[in-house]
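# Geometric and topological summary
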Amino acid sequence: MAGSSTTVPHTEPVPLSGDLLERYRRDGFVLLPPEQLGASLLPAVLEQLSVIAAHDGPERVLERDGTTPRSVYGLHRLNPVVADVARSPGLVGAVRSVLDDDVYVYQSKVNFKAPLTGDQWGWHQDFVYWLNEDGLARPDLVNVALFLDEVTEFNGPLTFVPGSHRDGVLAGKQVEEMPAGYEEAPSWVSTLTADEAYQVYPETLERLVREHGMVSPKGPAGSVLLFHPNLMHASSANLSPFGRAVLLFVYNAATNVPGPVATPRPWFLAEPDRTPLTA
Ligand code: 6CS
Ligand code: FE
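Residues numbered from 1 in each chain as written. Chains lettered and ligands numbered in written order. Predicted model: local features only at pLDDT ≥ 70, side-chain atom pairs only at ≥ 80, totals over all residues. Heavy atoms only, no water.

### A short note on the sheet that holds strand β7 (residues 158-160)
Backbone hydrogen bonds are what pair the strands of a sheet, in a parallel or an antiparallel way. On the basis of which strands lie adjacent, the open sheet formed by three strands has the order β5-β11-β7 and antiparallel pairing. At either margin of the open sheet sits one strand with a lone partner, and together these are β5 (121-124) and β7. Averaged over all pairs of adjacent strands, the angle between their axes in this sheet comes to 20°, without regard to strand direction. Bridge analysis of β7 against strand β11 (residues 233-235) gives three bridges, and the strand direction is antiparallel. Looking across to β11, one finds that Leu158 is bridged to Ser235. (Pairing = 2+ DSSP bridges. Helix = DSSP H or I, 4+ residues; strand = E, 2+ residues; numbered from the N terminus. Axes fitted to C-alpha atoms, helices over the stretch in contact; angles between N-to-C directions.)

This is the structure in structure tokens:
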């Protein structure tokens, strides 16, 4: 993929402040305004969006309609600009302060949530995928979403049950069949589609929401949202005529080594190179 004329400024790793770390540990997420971190990263990534959307390979997953790009994975290797953003001191510093460890990019993607056709992500926790599919022992990872579009209540915002990460991995239903529209796809595709492969029981979700409520962090492009791998979350389909693209990195603690699994997923879902990032 092409490089970019916009460079990503590099300074020393910048840890999260005590207050932000406290909010992350209490709620399971924290939203940083563009001026704090993401504004300097955004232009370089926006320049890459069309070439990322056009990437034709197993790393690209389509929506159930069979035409709309849903996600493109593996960008930390496929796109030099995204690789540079992944190493940016602001992101690496923030994640290192959360995990108190060296980190590497475990997974990266753009979720496009296209105008009008961008589909849902059913209610789920992320870590259960990495535990069951990739053999990761501990939830010592951080999801980092850079908003590439403004996120509003209308374009399918990420929606959380705040504090639900403190319940650990919640029992749920594992769906063995391939979801409709993906019958001929490789089995790992079932972990990436609108119908979750590991589904929370409705009664569990009701208990959690009665206790903690629901929140959809919204903000301008350039906002950065960090969230815990056990935080219960979902996003509805995009009803608006505007996209809701996000660049998502999953950073893993360097000491959180994946264990053996029967059918390893491809590199772009579980990065095998665990060399710690140096900002
Ligand atoms: O299986 C995975 O790795 C992906 N699946 C979901 C539902 N969220 C986390 C991750 O991107
Ligand atoms: Fe998720």
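From this point, things continue past the structure.
### Overview of helix α8 (residues 202-212)
Burial in α8 covers these residues: Thr204, Leu205 and Leu208. Down the axis of α8, the buried side of the element spans an arc of 95°, and every buried residue falls inside it. Along α8, exposed side chains directed more than 90 degrees from the buried face belong to Pro202, Glu203 and Arg210. Tucked into the core, α8 has its buried residues touching β5 and β9 (198-200). In the stretch just after α8, Gly213 is the one whose phi turns positive, near 75°. (Buried < 20%, exposed > 50% of the residue type's maximum accessible area, 1.4 Å probe, protein only. Arc of directions from axis to C-beta. Contact = heavy atoms within 4.5 Å.)

### Comments concerning the site of ligand 1
Looking at ligand 1, the residues that line it are Gln107, Lys109, Trp121, His124, Asp126, Tyr129, Trp130, Thr191, Leu192, Glu196 and Arg265. A distance of 2.7 Å is found between an oxygen atom of ligand 1 and a side-chain nitrogen or oxygen belonging to Gln107. Between ligand 1 and Arg265 there is a distance of 2.9 Å, counted from an oxygen atom to a side-chain nitrogen or oxygen. Contact with the protein chains hides 97% of the accessible area of ligand 1, taken as 300 Å² for the molecule alone. Mapping ligand 1 onto the cavity grids shows that it belongs to the largest cavity. At the level of secondary structure, the elements contributing two or more residues to the shell around ligand 1 comprise β4 (103-111), β5 and α7 (127-134). (Near = heavy atom within 4 Å. Polar contact = N/O pair within 3.5 Å; in protein donor to acceptor, adjacent residues only side chain to side chain. Areas by Shrake-Rupley, 256 points an atom, 1.4 Å probe, with all protein chains shown as cover. 1 Å grid on protein atoms, 1.4 Å probe; cavity = no way out; pocket = protein on both sides within 12 Å on 5 of 7 lines; lining within 4 Å. Sits in = over half its atoms within 2 Å of the grid points.)

### Here's the deal with the side chain of Thr204
Its location among the elements puts Thr204 in helix α8. Residue contacts for Thr204: discarding those within four places in its chain leaves Leu170 and Ala171.

### Regarding the coordination of the iron ion (ligand 2)
Note on the iron ion (ligand 2): its protein donors are His124 (NE2), Asp126 (OD) and His233 (NE2). The metal-donor distances range over 2.0 to 2.3 Å. Positions of the donor residues of the iron ion (ligand 2) along the chain correspond to the pattern H-x1-D-x106-H. Taken together, the positions of His124 in strand β5 and His233 in strand β11 put the pair 109 residues apart, joining distant regions of the chain. With respect to burial, His124 and His233 carry one shared label: buried. (Donors = N, O, S within 2.8 Å, 3.2 Å for Na, K, Ca; no water.)

### Digging into unusual backbone geometry
Here Asp100, not a glycine, exhibits a phi torsion of approximately 55°, which is positive. Mapped onto the elements of the fold, Asp100 is located in the loop between α6 (89-99) and β4. Residue Asp100 is classed as exposed on the basis of its relative accessible area of 70%. In this structure, Leu116 is a non-glycine residue whose phi angle is positive, near 65°. Along the polypeptide, Leu116 turns up in the loop between β4 and β5. Its relative accessible area of 59% is what places Leu116 among the exposed residues.

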